[in-house]
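Chain residues, written in single-letter form:
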Amino acid sequence: MKSVFDFSLRSFGRFGRKNLAIALIFTFLVFLLSSAFMITHALKTHFLNHTKALPELVIQRFSGGLPVPIAQSSLDPIWIIPGVEHVKGRVWGHYFLELDKQYVSIVGIEPFIDHYRDLVSDAAATTFADGSPVVLYSPHMESLLRKYASRDRLPFLKQGGGYETLRMAGPFDGRFSLLGNDILLMPMEQARAILGVEHGFTDAFVRIPNEEEVATIATKISRANPSLTVTTKETMIQRYVNLYDYKSGWFLTVLLVGFVTFAILLYDKASGISSQERKEIGVLKALGWEVSHIIQHKLTEALLISVGGFFIGFVLALCYVFFLEAPLLKEVFTGYDALKPAFSLPFSLHLPFFALLFFGTVPLYLAVSIIPAWRASVEDAGEVIR
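The rules behind these values
- Residues numbered from 1 in each chain as written.
- Predicted model: local features only at pLDDT ≥ 70, side-chain atom pairs only at ≥ 80, totals over all residues.
- Heavy atoms only, no water.
- Helix = DSSP H or I, 4+ residues; strand = E, 2+ residues; numbered from the N terminus.
- Buried < 20%, exposed > 50% of the residue type's maximum accessible area, 1.4 Å probe, protein only.
- Contact = heavy atoms within 4.5 Å.
- Areas by Shrake-Rupley, 256 points an atom, 1.4 Å probe, with all protein chains shown as cover.
- Patch = residues over 30% accessible without salt bridge, like charges linked within 9 Å, V, L, I, M, F, W, Y side chains within 5 Å.
- Salt bridge = Lys/Arg side-chain N within 4 Å of Asp/Glu carboxyl O.
- Arc of directions from axis to C-beta.
- Core = buried A, V, L, I, M, F, W, Y, C linked by side-chain atoms within 4.5 Å.
- Pairing = 2+ DSSP bridges.
- Phe/Tyr/Trp six-rings, centres within 6.5 Å; stacked < 30°, edge-to-face > 60°.
- Lys NZ or Arg CZ within 6 Å of the ring centre and 35° of its normal.

Asks: How should the overall build of the protein chain be read in this particular structure?
Replies: When helices and strands are counted, the protein chain shows 16 helices and 10 strands. Counting only residues that meet the buried cut, the protein chain has 47% of its 386 residues in that class. Partitioning the contacts of the protein chain with sequence separation of at least 6, the portion at a separation of at least 24 is 78%. When the accessible surface of the protein chain is split by element, carbon and sulfur atoms take 61% of a total near 20,000 Å².

Asks: Explanation requested: a nonpolar patch on the surface in the structure shown.
Replies: On the surface, F347, L349 and L351 cluster together to form a nonpolar patch covering roughly 320 Å² of accessible area. Assignment of secondary structure puts F347 in the loop between helix 14 (329-334) and helix 15 (351-377). Its relative accessible area of 59% is what places F347 among the exposed residues.

Asks: Explain helix 8 (residues 188-195) to me, please; I cannot follow it from the model alone.
Replies: Within an α-helix, residues lying three or four positions from one another point in the same direction, as the helix has 3.6 residues per turn. Across the eight residues that make up helix 8, a large majority, six, are buried. Within helix 8, burial applies to M188, Q190, A191, R192, I194 and L195. Check the buried side of helix 8 and you find it contacts strand 3 (86-97), strand 4 (102-109), strand 6 (153-157), strand 7 (163-171) and strand 8 (183-187). Residue G196 follows helix 8 closely and has a positive phi angle near 75°.

Asks: In this structure, what is going on with helix 9 (residues 214-224)? I would like to understand it.
Replies: Among the residues of helix 9, V214, I217, A218 and I221 are the ones counted as buried. Across the axial projection of helix 9, the buried residues extend over an arc of 105°, all falling on one side. Exposed residues lying more than 90 degrees from the buried face of helix 9 are A215 and R223. Buried residues in helix 9 make contact with strand 1 (57-63) and strand 10 (228-232).

Asks: I tried to follow the environment of E325 on my own but got confused; where do I start?
Replies: Within the fold, E325 resides in the loop between helix 13 (291-323) and helix 14. E325 sits in the partly exposed class, given a relative accessible area of 24%. E325 sits 20 residues away from L345 along the chain, and the two C-alpha atoms are 6.7 Å apart.

Asks: Explain the pattern of salt bridges here, please?
Replies: Where charged atoms from two side chains of opposite charge approach closely, those side chains can pair. Here the structure, examined in full by the defined rule, presents six salt bridges. One salt bridge in this structure joins D203 and R90, with 2.6 Å as the shortest N-O distance. Of this pair, D203 sits in strand 9 (residues 203-207) while R90 sits in strand 3, placing them 113 residues apart in sequence. For R146, the salt bridge identified is with D152, shortest N-O distance 2.9 Å.

Asks: Before we go on, may I ask you to explain the nonpolar core in this structure?
Replies: Within soluble globular proteins, side chains that are nonpolar generally end up buried alongside one another. Counting residues in hydrophobic clusters, the biggest one holds 41 residues, and the most contacted among them are L57, I59, I78, I106, F156, L184 and I221. Those residues within four positions of I78 in sequence are excluded, and the remaining contacts are I59, V84, V87, V206 and I221. Counting residues in each nonpolar core, the second largest holds 29 residues, with I39, F310, F314 and L357 among its members.

Asks: Can you help me understand the pairing of strand 3 in this one?
Replies: On any regular strand, side chains alternate: one points to one face of the sheet, the next to the other face. With five bridges connecting them, strand 3 and strand 9 associate as antiparallel partners. What sits directly across from R90, in strand 9, is D203. Between strand 3 and strand 4, which pair antiparallel and follow one another directly, the connecting turn spans four residues, one of which, K101, has a positive phi of 50°.

Asks: What is the right way to read the packing of aromatic side chains from this model?
Replies: A ring pair, where both rings are aromatic, is described by two values, the distance of the centres and the angle of the planes. Applying the stated criterion across every chain yields a total of 14 aromatic pairs. Between F311 and F354 the ring centres are 6.2 Å apart and the planes differ by 55°, which places this aromatic pair in the tilted class. One end of the pair, F311, is in helix 13; the other, F354, is in helix 15, and 43 residues separate them in sequence. On the basis of relative accessibility, which here comes to 38%, the residue F311 falls in the partly exposed class. Members of the aromatic cluster, connected to one another through ring pairs, are F310, F311, F314, F354, F358 and F359. Taking NZ or CZ as reference, R192 lies 5.2 Å from the ring centre of F201, over its face.

Asks: Looking at this model, I keep getting lost on unusual backbone geometry. Mind explaining?
Replies: Positive phi, close to 60°, is recorded for R151, a residue that is not glycine. With respect to the helices, strands and loops of the structure, R151 is situated in the loop between helix 6 (142-146) and strand 6. What makes R151 exposed here is its relative accessible area of 79%.

Asks: Please clarify how the pairing of strand 6 should be interpreted in this entry.
Replies: Alternating positions in strand 6 separate cleanly, L154 and F156 being buried on one face and R153, P155 and L157 remaining unburied on the opposite face. Pairing between strand 6 and strand 7: five bridges, direction antiparallel. Residue pairing across strands places P155 opposite T165, the latter belonging to strand 7. What sits between strand 6 and strand 7 in their antiparallel hairpin is a turn of five residues, with G161 showing a positive phi close to 100°.

Asks: Looking at this structure, I do not really get the environment of V135. What am I missing?
Replies: Looking at where V135 falls in the secondary structure, it is placed in strand 5 (residues 134-137). Since its relative accessible area comes to 0%, V135 is described here as buried. As for V135 and L185, which are separated by 50 residues in sequence, their C-alpha atoms are 5.5 Å apart. Not counting residues within four places of it along the chain, the set of residues in contact with V135 comprises L154, L166, R167, M168, A169, G170, L184, L185 and M186.

See the structure below:
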């Protein structure tokens, strides 16, 4: 056994250029596939860890495919539905930052609304609750907003003309940047003036303590007022998850070129071995090696290439994604704009994917390596050498 292993190591060196090329391609493909999936899975984990603050139901009204304000009279009947804890209207809309050619989201809320309570620090929340005209923002947006501010005063152009000036009260928790990286939180009165929403609400949140009642209550709201569109928390989460899956799938289609290269390698390997390798097998048979020894030798050689390449590629992907924060490749999933989320990818290793990638590559390579060697080993040694 030891002599076969030692011979396989020396044989690996004799055909070094070819084996090295195969190992590098194998490693590179595993690295790309692992990196893409690790980033997607880490983004999903980061998002799902911060979805507890999302409301169980979001209510909107559309006309001609466009959102229209919801009157308070449409929300009042929801309070009497058994199982509803509270209903809270919200005003929000997009605001254009002229210098940066960038849209941000303005959200007008009442003080201490549950959905945003975990976003802000205690000091900022206290200031916000005082009713002062202040604005809260993500940490990543602070340097962007400073370009428009005079000291701590930030002017906003109102829809009806004139300006609404708010004080920059401070950033909210950076852990929530994936959910609210482009959001500006401000009191409802100031948001209405800036966005031009004089009456009603852009949408509304419904809190339901018992998760099992969410679907039933959503159905009751829709039947009572068909003009309202009700979206559940589960649906909102699924939309985000589908977005990451879409970006991951888009990126993986680019890797089809790499798969084609790998397929060509496998086909070349399965179609036969080189004349030099055939002569080596013939010499080994002439020296007394049995077919099992030759198969063991080729299996050891293939294991060194495939398993070694797989684990090197996988470890490189781990270091690239979770230690280097996936430079360049991360931007494929999070975007390239000025307000792309700034956050660290949480470490999350998906073992089923690891197993699928391993058993989808390594055994396949072993099979196409051993079959040609077995065919050559069962032939007459003299014929193979000649």
